[in-house]
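Inside the fold
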Amino acid sequence: MFNKQSNILLVDDSQTNTYMLKELLSTFGYNAHESFSGVEALEAIKKYEFDLILLDIIMPEQDGFDVCRTIKQMDKYKNIPIIFLTALTDLNSIEKGFDMGAVDFITKPFKPKEIIARIKTHLELNAYRLNLETLVRERTKTLQRTNIELEKEIERRKKVEDELKLHKEKLEVLVDIRTKELKESEESFRTIFQKNGSPILIIDPENYCIVNANQTALEFYGYDIDTFSNKTIFDINFLSKERIEFELNNVKTLKKNYFNFQHKIATGEIREVEVYSFPIYLRQKLHLISTIHDITEKKEMQNKILSTIIQTEEKVKQRFAKDLHDGLGPILSTIKLYLKTLENKIEEKKDKNIYSIVKKIEEIINEAINSTKEISNQLSPHILTNFGLITAIKSIIKKIEFSSNIKFMLTADVIERFDSNIETSVYRIILELINNSIKHAKPNNIKISILQLDNLLNVTYNDDGQGFEFNQLENNLGMGLQNIQNRVNLLHGNYELKTRANQGFYLFFSVPIK
């Protein structure tokens, strides 16, 4: 990926510096081009293709910051890595350089080993970026083909989604109007509260008690007012106590007022609800007023859409895995057989040089065959289909422990095989968690527990890696965690996540298997 014969632009008004740098770079096989001013540099990048720019900050007429800003505003050249050369060491200059788009600083006087190391690092990073962009384009084409298959399904559901969106907007307007009316008159509030067609709860944020509920809420939850008034929000909300307290604090501080929750009604049934909550003062005391909207049917429809997406994704993976296994695999094996025959004939003729080359080619083909099998297995894990979830997880753990220093502790008690869609989704979730830990958390130990309890499958995942702050989840939920959340919701399950910076990562989820 990395070509050592890279073209580097040197921009410095000092001919001594540029001569020294050019000689140094030439020694290490780099092609260096000199410019002695910002104007010359801007002309040079239009004439030649450069892989990296070494740019002095302090120059007459146009300093390095201006040159960098100009280059970063040019779409064709904005991705060329720029390393500033400077005697400046104050924090403001460094921060300004990075704000302009520089990737690094090298301070004068120069240290040859440091210059070459930094140049090599950023050339490799840029090469990796270009390669990643190519992979993304290829993946995008694959996804576009997949999306065509989903367009008809999405179109049928678009009308329903638009209606739900309109209903949500109307409800938000209604809540806003009624909240203003509550502030104007307590008597007017009582009238609106009791006659509202949506369930409304009033909660005491100090003890989390449900202090009042309108008639619609009593009918929805299935309690009389005396019974309901003796309950707390913890009795109907499935989130952990810590999470509920966190969300209620968001309402009190006006950071957030819209939520999606699971609420349990008197019959034991779980309903998916939208909740709009606002702080309000009643008799000079702070309360929280929450308007509830039952979206169980909407969630079911979303789950069907997610199910279609996941099933299509699995089909694409299986088809690609089959193509690798049935197409490329036999071709490589056939080449290996021909090489083996050639190897025997060469060995008879005692030609050691050609024999050595043939053996090297055979090693490469063996590696290609093993890589093809590994990719095919990850895309469509036959061990999961044939032997079940626990065996498939053990297989993944064995491979990772063989190639890394991570230690796994797996506790498993699963009585029987269950629905293949559930097995596949749980397998993908655990695999996503392991991949996230390896890529981001750098753990030494990972603990996984998979236990079947009656009709529930309970999975606990814990690593001792870097972790991250809990309050980062709401606005920075990454693709990996978002994918895990979608899969758990699709399985009608519940999950709980705990993490702190430098204190590891914990996730528990429970899904029905019957």
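Our structure's up above, just so we're on the same page.
Anyway, here's the lowdown on the structure attached to this text. What you are looking at is a predicted structure, and each value in this text was computed from that prediction instead of being measured.

**Topic: helix H13 (residues 389-403)**
In an α-helix there are 3.6 residues to a turn, and that puts residues three or four apart on one side. With 15 residues, H13 extends 22 Å between its outermost C-alpha atoms, agreeing within 8% with the 21 Å of an ideal straight helix rising 1.5 Å per residue. Along H13, the residues classified as buried are Leu389, Ile390, Ala392, Ile393, Ser395, Ile396, Ile397 and Ile400. For H13, the elements touching its buried residues are helix H12 (382-387), strand E11 (407-413), helix H14 (420-441), strand E12 (445-453) and strand E13 (456-463).

**So, the nonpolar core**
Leu389, Val426, Ile448, Ile450 and Leu457 are the most contacted members of the largest nonpolar core, which has 35 residues in total. Contributions of two or more residues to this core are made by H13, H14, E12, E13, helix H15 (479-490) and strand E15 (505-512).

**Topic: the packing of helix H2 (residues 38-47) against helix H3 (residues 64-72)**
Contact pair H2 / H3: the axes reach a minimum separation of 10 Å and the direction vectors enclose 25 degrees. Classified by the angle their axes make, H2 and H3 are roughly parallel. By crossing handedness, the relation of H2 to H3 is classed as right-handed. Contacts between H2 and H3 involve Gly38, Leu42 and Ile45 from the first element and Val67, Thr70 and Ile71 from the second. Residues belonging to the contact of H2 with H3 are distributed by class as follows: four nonpolar, two polar and no charged.

**So, the packing of aromatic side chains**
Within a pair of aromatic rings, the relevant descriptors are the distance that separates the centres and the angle that separates the planes. All chains considered together, the criterion is met by eleven aromatic pairs. Geometrically, the ring pair formed by tyrosine 48 and phenylalanine 50 is edge-to-face, given 6.1 Å between the ring centres and 65 degrees between the ring planes. By relative accessible area, tyrosine 48 is classed as partly exposed at 43%. Assessed through its relative accessible area of 9%, phenylalanine 50 is described here as buried.

**Re the pairing of E12**
As paired elements, E11 and E12 share seven bridges and run parallel to each other. What sits directly across from leucine 410, in E12, is isoleucine 448. Handedness of the E11-H14-E12 crossover: left-handed. Bridging between E12 and E13 involves eight bridges; their strand directions are antiparallel. Across the sheet, lysine 447 pairs through a bridge with asparagine 462, a residue of E13. In this antiparallel pair of consecutive strands, E12 and E13, the connection spans two residues, and aspartate 454 shows a positive phi of 55 degrees.

**Some points on the sheet that holds strand E14 (residues 494-499)**
Strand order across the open sheet formed by five strands is E11-E12-E13-E15-E14, with mixed pairing between neighbours. Across the chains shown, the open sheet's two edge strands, defined by having one partner strand only, are E11 and E14. Direction aside, the axes of adjacent strands within the sheet are offset by 5 degrees on average. Strands E11, E12 and E13 of the sheet are contacted by H13, whose axis makes an angle of about 170 degrees with E11.

**What about helix H9 (residues 241-252)?**
Here H9 spans 17 Å end to end across twelve residues, near enough to the 16 Å set by a 1.5 Å rise per residue. Taken residue by residue, H9 has Arg243, Ile244, Glu247, Leu248, Asn250 and Val251 as its buried positions. Take H9 and look down its axis: the buried residues cluster within an arc of 150 degrees, on one side only. Buried residues in H9 make contact with strand E8 (258-264), strand E9 (270-282) and strand E10 (285-294). In the segment just after H9, leucine 254 is the residue with positive phi, at about 60 degrees.

**Quick notes on the pattern of salt bridges**
This model, assessed by the stated rule, comprises 18 salt bridges. Lysine 108 serves as the salt-bridge partner of aspartate 12, at 3.5 Å between the closest nitrogen and oxygen. On the criterion of sequence distance, the pair formed by aspartate 12 in the loop between strand E1 (7-11) and helix H1 (15-27) and lysine 108 in the loop between strand E5 (104-107) and helix H5 (112-184) is long-range, its members being 96 residues apart. Given the relative accessible area of 27%, lysine 108 is considered partly exposed. A salt bridge links aspartate 294 to arginine 271, with the shortest nitrogen-to-oxygen separation between them at 2.7 Å. Pair noted here: aspartate 294 is in strand E10 and arginine 271 is in strand E9, with a separation of 23 residues, a long-range link. Put simply, Glu269, Arg271, Asp294 and Glu297 are held in one network by salt bridges that share partners.

What counts, and at which threshold
- Residues numbered from 1 in each chain as written.
- Predicted model: local features only at pLDDT ≥ 70, side-chain atom pairs only at ≥ 80, totals over all residues.
- Heavy atoms only, no water.
- Helix = DSSP H or I, 4+ residues; strand = E, 2+ residues; numbered from the N terminus.
- Expected span 1.5 Å × (residues − 1).
- Buried < 20%, exposed > 50% of the residue type's maximum accessible area, 1.4 Å probe, protein only.
- Contact = heavy atoms within 4.5 Å.
- Core = buried A, V, L, I, M, F, W, Y, C linked by side-chain atoms within 4.5 Å.
- Axes fitted to C-alpha atoms, helices over the stretch in contact; angles between N-to-C directions.
- Parallel < 35°, antiparallel > 145°, perpendicular 65-115°, else oblique.
- Left-handed = near helix turned anticlockwise from the far one by under 90°.
- Nonpolar A, V, L, I, M, F, W, Y, C, P; charged D, E, K, R; others polar.
- Phe/Tyr/Trp six-rings, centres within 6.5 Å; stacked < 30°, edge-to-face > 60°.
- Pairing = 2+ DSSP bridges.
- Right-handed = clockwise from strand over helix to strand, strands pointing away.
- Arc of directions from axis to C-beta.
- Salt bridge = Lys/Arg side-chain N within 4 Å of Asp/Glu carboxyl O.

The quantities given are spatial measurements derived from coordinates; they are silent on function.
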